[in-house]
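Here is how the chains run, residue by residue.
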Amino acid sequence: MNCSKKFGIISKTTMTKKILITGTSVRSELLNPLVEAGYTVENPTHLLTEGELKDILKNASAYLLGGDELATRNVISAAKELKIIAFLGMGYQSFIDAAAAKEFGIAVTNTPGTLSNSVAEFTVGLLLSSTRRLFLYASEYAAGRTGGEEKQRDLPSLHVGIIGLGGIGTRIAEILRNGFGSKVSYYSRTRKPHEEQRLDVSYLPFEQLNKQVDVLVVMTPLSEETKGLIGQTQISSFKKGMILINTARAEIVDPAALLAGLETGQIGYAAFDGLYEKPNESMEKLKALIPAKLMVTGHIASLTHEARDGMAKKAVRSILNILKTGRDEYIVNGL
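Residues numbered from 1 in each chain as written. Predicted model: local features only at pLDDT ≥ 70, side-chain atom pairs only at ≥ 80, totals over all residues. Heavy atoms only, no water.

A few points about the overall build of the chain
The cut-off we apply is this: Helix numbers and strand numbers start at the N terminus; a helix is a DSSP run of H or I with at least 4 residues, a strand a run of E with at least 2. All radius of gyration figures rest on C-alpha atoms, and the globule criterion is 2.2 Å times the number of residues raised to 0.38. Throughout this description, buried means an accessible area under 20% of the type-specific maximum (1.4 Å probe, protein chains only), exposed means over 50%, and partly exposed covers the range between. The criterion used for residue contact is that any of the two residues' heavy atoms lie within 4.5 Å.
Each helix and strand in the chain was counted, giving 13 helices and 14 strands. The C-alpha atoms of the chain give a radius of gyration of 22 Å, which matches the 20 Å a tight globule of 335 residues would have. Taken over the C-alpha atoms alone, the chain extends approximately 65 × 50 × 35 Å along its principal axes. Across the 335 residues of the chain, 51% fall into the buried class. Sequence separation of at least 24 residues holds for 65% of the intrachain contacts in the chain that already meet a minimum separation of 6.

Section: the nonpolar core
The line we're drawing: Here, the term nonpolar core denotes a set of buried Ala, Val, Leu, Ile, Met, Phe, Trp, Tyr and Cys residues that are joined through side-chain atoms within 4.5 Å.
Ranked by size, the top nonpolar core spans 54 residues in total, and within it Leu-34, Leu-64 and Ile-172 carry the most contacts. The element contributing the most residues to this core is helix H13 (residues 305–325), with eight residues. In this structure Ile-172 touches Ala-120, Thr-123, Val-124, Ile-162, Val-217 and Met-219, once residues within four positions along its chain are discounted. Formed by 30 residues, the second largest nonpolar core is a distinct cluster that contains Leu-222, Val-253, Ile-267 and Leu-275.

What about the sheet that holds strand S11 (residues 215–218)?
In plain terms, the rule: A pair of strands is considered paired only if DSSP assigns at least 2 bridges between the two. Lines fitted to C-alpha atoms define the axes here, with helix axes fitted over just the stretch in contact, and angles between the N-to-C directions of these axes take values from 0 to 180 degrees.
What the seven strands build is an open sheet, ordered S10-S9-S8-S11-S12-S13-S14; its pairing is parallel. Edge strands, defined here as strands with exactly one partner in the open sheet, are strand S10 (202–203) and strand S14 (294–297). Where strand S8 (residues 159–163) lies against strand S9 (residues 183–187), five bridges are found, and the strand directions are parallel. Its bridge partner lying in S9, His-159 is registered against Lys-183. Packed on one face of the sheet, helix H11 (residues 255–264) meets strand S12 (242–246), strand S13 (267–273) and S14 and runs near 140 degrees to S13.

A closer look at the confidence of the model for the chain
Quick note on the threshold: pLDDT expresses how confident the predictor is about each individual residue, on a scale running from 0 to 100.
Looking at the chain, the pLDDT average stands at 93 and 95% of residues meet or exceed 70. Contacts for the low-pLDDT stretch residues 10–15, under 50 throughout, to residues beyond four places or in other chains number 24 contacts.

A few points about unusual backbone geometry
The omega angle of the peptide bond from Ile-290 to Pro-291 is 0 degrees, so this bond is cis rather than trans. Within the secondary structure, Pro-291 is located in the loop between helix H12 (283–287) and S14. Even without being a glycine, Arg-133 presents a positive backbone phi close to 60 degrees. Tracing the sequence through the fold places Arg-133 in the loop between helix H5 (116–131) and helix H6 (134–142). Unusually for a residue other than glycine, Asp-200 sits at a positive phi of about 55 degrees. With respect to the helices and strands, the residue Asp-200 is situated in the loop between helix H8 (193–199) and S10.

Points about the pairing of strand S4 (residues 39–42)
Burial along S4 is two-sided: Tyr-39 and Val-41 and Thr-40 and Glu-42, pointing in opposite directions, are all buried. Two elements, strand S3 (residues 17–21) and S4, share four bridges in a ladder whose sense is parallel. In the sheet register, Lys-18 faces S4, and the bridge partner there is Thr-40.

Some details on the packing of H5 against helix H7 (residues 167–180)
Test applied: If an angle is under 35 degrees, it is roughly parallel; if it is over 145, roughly antiparallel; if it lies from 65 to 115, roughly perpendicular; otherwise it is oblique. Take the far helix as your reference; a near helix turned counterclockwise from it by less than a right angle gives a left-handed crossing, and one turned clockwise gives a right-handed crossing. When residues are grouped by polarity, Ala, Val, Leu, Ile, Met, Phe, Trp, Tyr, Cys and Pro land in nonpolar, Asp, Glu, Lys and Arg in charged, and all others, Gly among them, in polar.
Direction vectors running N to C along H5 and H7 enclose 55 degrees, while the axes themselves pass 8 Å from each other. One element, H5, and the other, H7, form an angle in the oblique class. In terms of crossing hand, the pair formed by H5 and H7 is right-handed. Residue-level contacts link Ser-116, Asn-117, Val-119, Ala-120, Glu-121, Thr-123, Val-124, Leu-127 and Leu-128 of H5 to Gly-167, Ile-168, Arg-171, Ile-172, Ile-175, Leu-176 and Phe-180 of H7. For the contact of H5 with H7, a count of residues per class yields 10 nonpolar, four polar and two charged.

Structural notes on H13
Which entries qualify depends on this criterion: Expected span of a helix: the number of residues minus one, times 1.5 Å.
Spanning 21 residues, H13 covers 30 Å between terminal C-alpha atoms, matching the ideal 30 Å at 1.5 Å per step. Every buried residue of H13 is listed here: Ala-307, Arg-308, Asp-309, Met-311, Ala-312, Lys-314, Ala-315, Val-316, Ser-318, Ile-319, Leu-320 and Ile-322. Gly-326 sits one or two positions beyond H13 and adopts a positive phi of about 80 degrees.

The structure is reproduced here in structure tokens:
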């Protein structure tokens, strides 16, 4: 095969149709099926501005969104040849105006089932670090301060609540029940009787879950409905010293309520994978609580070879399916 790669472009010499790949997580060899199918693959490695994204998509047939850029209505409306936006992951709602894509006849897909284990492992890692204060005590030791450590609790003694029992939430429950013997309850819009029986977990209504558990794990997608789902009312009902783990989006927890909960001790410790994307009045004060009461990582829960390769393969298959047949099982915007 006579192929060339220059300035982030992989192609056969006779190609005309273009596919945009963003971000740096997709290994170039995983894009070979697109090249073999006769497409030019363009993969800029920097974060595209809205203007750059709009310009590149003007003549693109497909777009694999693997970076942090936003596919806004303004961008989508200019993409006259675009047939699909394949999102690398699950939470496409924060990056893609899916309603606008539907309006312009563009399918949006995501990659379910590919990152459940990696995110679940990471979440349990945050939980362990928070319950045992690993990050705090490691930081103190590095600074030459020891002797102030306090007794913590074993996971089997803790009642863990999970908001959202989808694929990732279920895997978290499996690890906690089968690996640690923790008591686990959950809240989800749809009850899961099979999982309740299989894993010996219990369903609790949302407000009861907040009041009864020792650890609360937030694992629900961000939407207009879930933004600020955990606010002052919920946090004030927590058990004193509750551990709060959020591997979903920070915005599901109201920032002012989070700050107040940490300052008063209503929340004993919190761990977030990514802090708030938009500036707010609580941000600097929250950052000042690191590492004493808060630990934050940079949206890296799914950053494993296995998860990223699995997502890339599924996204590439969706692109080929849509471009060849107009159909794919992972369409999420009802097209």
